[in-house]
Amino acid sequence: MRVLYVEDEKFLAEAVKHNLEKQDIDVDLAFDGEDGLNKAVDSIYDCVVLDIMLPKLSGIDILSRMREKNVAAPVIMLSALSEVEDKVNGLNAGADDYLAKPFKTAELAARINALVRRPAKVQSNVLKYKDLSYDTNEKLLNGESLTSKEAAIIHELMKTPEKIVQKDYLLNKVWGGEAYGEDNYIEVYMSRLRKMLRKLNSVVKITTVRGFGYKIVAE
Ligand code: CA
């Protein structure tokens, strides 16, 4: 089992990691919100533990962006202030559990184990168009695995086949504004995806609607 723990108090983070690893829970650490979000989105974790008060992005921001990007890993929120308000905010933001600081590592381990054993809340969800089927949970296109960004693009295109998906919308949705003005990013991914469609011998292709965006159509 692999867990991501986002915590800016490094001493605490290292101590918790050490103790969890004694219980066969592998832990990756991130010390600020930005790094935490990148790791949570790009990697596969069985569970993500988020401190609320973090530099750059709060735990609640990380959680809502994870969910926007369909990262379904269960999340445990931590807060130094054991105030009801924090708990309510965390759970409203979609956290699966909440633990007030200070906590015992054994308690955290028990919560992690309980969440990871719990069956996934998200049911298998497959988008279909012509000869393509995209599994939104496994990020598989006709059984081929996609990188997280390829998957996010295909997801958007498959949601509304034959309709234009605006380029700005895609950039924003997939890169969250990081790639603002970097139109080349998207072209690179589109050409990779076109190559994959050819490899799959699909009748579906991605067409560019100049000045607007992209759509998938069948030949
Ligand atoms: Ca903190």
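Residues numbered from 1 in each chain as written. Predicted model: local features only at pLDDT ≥ 70, side-chain atom pairs only at ≥ 80, totals over all residues. Heavy atoms only, no water.

Would you mind showing me how to read the overall build of the chain here?
A count of helical and extended segments in the chain gives eight helices and 12 strands. By residue count, 41% of the 219 residues in the chain fall in the buried class. Within the chain, contacts between residues separated by at least 24 positions form 54% of all contacts whose residues are at least 6 apart in sequence. Summed over its atoms, the accessible surface of the chain is roughly 12000 Å², and 49% of this surface lies on carbon and sulfur atoms. (Helix = DSSP H or I, 4+ residues; strand = E, 2+ residues; numbered from the N terminus. Buried < 20%, exposed > 50% of the residue type's maximum accessible area, 1.4 Å probe, protein only. Contact = heavy atoms within 4.5 Å. Areas by Shrake-Rupley, 256 points an atom, 1.4 Å probe, with all protein chains shown as cover.)

Whenever I open this one, unusual backbone geometry confuses me. Can you help?
Negative phi values dominate among residues other than glycine, just as trans dominates among peptide bonds. Here Lys101 and Pro102 are connected by a cis peptide whose omega angle stands at -5 degrees. Relative to the assigned elements, Pro102 resides in the loop between strand E5 (97-100) and helix H5 (105-117). For Lys56, which is not a glycine, the phi torsion comes out positive at approximately 75 degrees. Tracing the sequence through the fold places Lys56 in the loop between strand E3 (47-51) and helix H3 (59-68). The class for Lys56 is exposed, based on a relative accessible area of 59%. One non-glycine residue, Lys139, adopts positive backbone phi at about 55 degrees. Along the chain, Lys139 turns up in the loop between strand E7 (132-135) and strand E8 (140-141). Taking the relative accessible area as the measure of exposure, Lys139 reaches 22% and is therefore partly exposed.

I keep staring at the coordination of the calcium ion and nothing clicks. Help me out?
Ideal values differ by geometry: the angle at a metal is 109.5 degrees with four tetrahedral donors, but 90 or 180 degrees with six octahedral donors. The protein atoms that coordinate the calcium ion are Asp8 (OD), Asp51 (OD) and Met53 (O), at distances spanning 2.1 to 2.3 Å. Counting gaps between the donor residues of the calcium ion yields the pattern D-x42-D-x1-M. Of the two residues, Asp8 is situated in the loop between strand E1 (2-6) and helix H1 (10-22) and Asp51 in strand E3; the sequence distance between them amounts to 43 residues. Looking at Asp51, the relative accessible area reads 3%, which means it is buried. (Donors = N, O, S within 2.8 Å, 3.2 Å for Na, K, Ca; no water.)

How should the sheet that holds E1 be read in this particular structure?
Hydrogen bonds between backbone atoms are what pair the strands of a sheet, whose relative direction is either parallel or antiparallel. Overall, parallel pairing links the five strands, which are arranged E2-E1-E3-E4-E5 in an open sheet. This sheet does not close on itself; its edge strands, each paired only once, are strand E2 (26-30) and E5. Put simply, the sheet's adjacent strands are angled 20 degrees from each other on average, direction ignored. Relative to E3, E1 runs parallel, the two being bridged by four bridges. Looking at the pairing, Tyr5 lines up with Val49 of E3. Of the strands in this sheet, E1 and E2 touch H1, which is tilted by about 170 degrees from E2. Helix H2 (residues 33-42) contacts E1 and E2 of the sheet and is inclined by roughly 140 degrees relative to E2. (Pairing = 2+ DSSP bridges. Axes fitted to C-alpha atoms, helices over the stretch in contact; angles between N-to-C directions.)

Where do I start with the packing of H1 against H5 in this structure?
When two helices pack together, their arrangement is given by the angle between the helix axes and by the axis-to-axis distance. Packing of H1 against H5 leaves a shortest axis separation of 10 Å and a crossing angle of 60 degrees. When the interaxial angle is binned, H1 and H5 end up oblique. Relative to H5, the crossing made by H1 is right-handed. Residues Val16, Asn19 and Leu20 of H1 pack against Thr105, Leu108, Ala109 and Ile112 of H5. Tallied by class, the residues present in the contact of H1 with H5 amount to five nonpolar, two polar and no charged. (Parallel < 35°, antiparallel > 145°, perpendicular 65-115°, else oblique. Left-handed = near helix turned anticlockwise from the far one by under 90°. Nonpolar A, V, L, I, M, F, W, Y, C, P; charged D, E, K, R; others polar.)

Explanation requested: the sheet that holds strand E12 (residues 213-218) in the structure shown.
In space, the three strands of this open sheet follow the order E10-E12-E11, with antiparallel pairing throughout. Edge strands, defined here as strands with exactly one partner in the open sheet, are strand E10 (165-166) and strand E11 (204-209). Note: E11 against E12, six bridges, orientation antiparallel. Bridging across to E12, Val209 finds its partner in Gly213. Helix H6 (residues 148-159) rests against E10, E11 and E12 of the sheet, and its axis sits at about 65 degrees to E12.

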